[in-house]
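The residues making up each chain are set out below.
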Amino acid sequence: MKPIKVGLLGLGTVGGGTLTVLRRNRQEITRRAGREIQVAMAAVRDLNKAEKHNGDGLKLTTDPFDVVNNPDIDIVVELIGGLSPAKELVLKAIENGKHVVTANKHLLAKHGNEIFAAAQAKGVMVAFEAAVAGGIPIIKAIREGLTANRIEWVAGIINGTTNFILSEMREKGLGFDTVLAEAQRLGYAEADPTFDVEGIDAAHKLTILSAIAFGIPVQFDRAYTEGITRLTGEDVKYAEQLGYRIKLLGITRRRANGIELRVHPTLIPEKRLIANVSGAMNAVLVMGDAVGPTLYYGAGAGAEPTASAVVADLVDVTRLATADPHHRVPHLAFQPDALQPDLPILPMEEVETAYYLRMRVADQTGVLADITRILADSNISIDALMQREPEEGEPSTDLILLTHETLEKNMNAAIARIEGLGTVQGKVTRIRLETLGK
Ligand code: NDP
Ligand code: HSE
């Protein structure tokens, strides 16, 4: 059988890694795919930078539309990133009847519905394994491996950069900026690293996971997003003293009245495997009603781990290229006419979770009673309490409370009342807590 021809858009960290893996494992990959996967063309901005990839008849261009309009190309692999011109290129490739592989979670979280509808209408595939959790085959696992299950929730460490920052700060005592610069050097960070540290990249990925877990359209604009920039070393330390680790977690959960979709720093019991995932590694925990909890772990970023997912998609597309489109796996796991656009994404106020609260309180009688009364009035039950012994002559001290689950709006109201007490100084720090047990 003649080779299937691939056009790469971008030869940076992931594009370069994809070319390297395809070349190094050519024979194994051909034996699996049934025909050779040949990269015929690649688009970059700087031809000099791309020179190192020359060879095997690879044609380079600075105009990515040369690739998507080339009639010899069967599969376009979009590894440029960002929204424009990536969106125009992907839609043009689809219009031209080409299959698409992309690692671009930003693009899919924002414009996935339009892109999947266009691909469906044209009978082509858009594959996106690399868009979530780098080298971990989580899309395949949820879309195919867990297809018997009613998924209850998905919780994941799905941003390598922030997990790397949190781990290096905790384990080596390094500063935030130093570790972020290292993540950039290693090719983990997004072009705009605020996407990583503010939780936006994780929310892009979670939006995709939520869509394939529950059969809903991608709805990034409804995701709640909070990053790691406001986390302090003392909260990390107090959490550890209470038996927890703090991770930037993406959580999507089915509730009776809708779907939770949220990214924020989260306390997790240290006994959970996922609490011990360090460095740029990712892990995703999926709860299915039949299978129970399943955990997927691996490298969430970097050239070859991400290339591993891109190449897996290339093999899938190659195998299915000649299949009747109706026999392929639906883009969002559920048949397009069976998606549930009316299932609401719950506003953060309606989310139910447990909490870690830290406040600076005056070292005097009655303070604790006032605070616990406010929580009791709001129907919030306390799970643990820790008060730091004040230093000699120190007039105030830190009070740390862990609560059981409550609605976020109840907690907001309770925090407002606590902050109004004359004995509580400044703002209450609130970090959400998930036991991830059921
Ligand atoms: P890089 O910045 O390393 O590479 C981008 C590539 O695209 C470069 O070769 C660049 O060319 C080229 N490019 C950018 N704009 C254009 C354009 N208009 N025309 C032609 N070429 C262009 O990005 P990454 O490889 O890190 O990321 C690519 C995608 O993969 C992104 O969507 C990212 O979110 C995603 N991703 C990245 C992971 C990672 O670990 N890095 C992991 C998972 C997903 P030049 O160098 O000449 O400017
Ligand atoms: N910037 C992303 C991360 C790359 O750090 O996880 C992988 O999607």
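Our subject is the structure listed above.
One structure accompanies this document, and this report is about it. Please read all numbers here as calculations on a predicted model, not as lab measurements.

Some remarks on helix α15 (residues 408-419)
Part 1 of the reasoning: Taking 1.5 Å of rise per residue, the 12 residues of α15 would be expected to cover 16 Å, and the 16 Å separating its terminal C-alpha atoms lies within 8% of that figure.
Part 2 of the reasoning: Among all positions of α15, only Glu408, Met411, Ala414, Ile415 and Ile418 are buried. Seen from one end, α15 has its buried residues packed into an arc of 120°, which puts them on one side.
Part 3 of the reasoning: Among the structural elements, β13 (352-362), α14 (367-377), β15 (396-403), β16 (406-407) and β17 (424-433) are those in contact with the buried residues of α15.

Some details on the site of ligand 2
Part 1 of the reasoning: As a structural note, the neighbourhood of ligand 2 is formed by Lys105, Asn159, Gly160, Thr161, Tyr188, Ala189, Glu190, Asp196, Asp201, Lys205, Gly300 and Ala301.
Part 2 of the reasoning: In the environment of ligand 2, an oxygen atom lies 3.5 Å from a nitrogen or oxygen atom belonging to the side chain of Asn159.
Part 3 of the reasoning: For ligand 2, the accessible surface in isolation is 250 Å², of which the surrounding protein chains cover 93%.
Part 4 of the reasoning: Of all the elements in the fold, those that place two or more residues in the shell around ligand 2 are α8 (160-172) and α11 (200-214).
Part 5 of the reasoning: For the shell around ligand 2, the class distribution of residues is 3 nonpolar, 4 polar and 5 charged.

Comments concerning the nonpolar core
Part 1 of the reasoning: Membership of the largest hydrophobic core comes to 79 residues, with the highest contact counts inside it found for Ile138, Leu209, Leu267 and Val286.
Part 2 of the reasoning: Considering every element that reaches this core, the biggest residue donor is α11, with 9 residues.
Part 3 of the reasoning: Excluding residues that lie within four positions of it along the chain, Ile138 makes contacts with Glu129, Val132, Ala133, Leu209, Val284, Val286 and Tyr296.
Part 4 of the reasoning: Membership of the second largest hydrophobic core comes to 31 residues, among which are Ala42, Val44, Val101 and Ala103.

A few points about the environment of Arg373
Part 1 of the reasoning: Here Arg373 lies in helix α14.
Part 2 of the reasoning: Take Arg373: its relative accessible area is 47%, and that puts it in the partly exposed class.
Part 3 of the reasoning: Spatially, the C-alpha atom of Arg373 lies 21 Å from that of Glu352, the residues being 21 residues apart in sequence.
Part 4 of the reasoning: Of note is the side chain of Arg373, whose polar atom sits 3.4 Å from the side chain of Asp370.

Considerations on the environment of Pro336
Part 1 of the reasoning: Within the element layout of this structure, Pro336 appears in the loop between α13 (303-320) and β13.
Part 2 of the reasoning: Between the C-alpha atoms of Pro336 and Ala283, which are 53 residues apart in sequence, the distance is 28 Å.

Thresholds applied
Residues numbered from 1 in each chain as written. Chains lettered and ligands numbered in written order. Predicted model: local features only at pLDDT ≥ 70, side-chain atom pairs only at ≥ 80, totals over all residues. Heavy atoms only, no water. Helix = DSSP H or I, 4+ residues; strand = E, 2+ residues; numbered from the N terminus. Expected span 1.5 Å × (residues − 1). Buried < 20%, exposed > 50% of the residue type's maximum accessible area, 1.4 Å probe, protein only. Arc of directions from axis to C-beta. Contact = heavy atoms within 4.5 Å. Near = heavy atom within 4 Å. Polar contact = N/O pair within 3.5 Å; in protein donor to acceptor, adjacent residues only side chain to side chain. Areas by Shrake-Rupley, 256 points an atom, 1.4 Å probe, with all protein chains shown as cover. Nonpolar A, V, L, I, M, F, W, Y, C, P; charged D, E, K, R; others polar. Core = buried A, V, L, I, M, F, W, Y, C linked by side-chain atoms within 4.5 Å.

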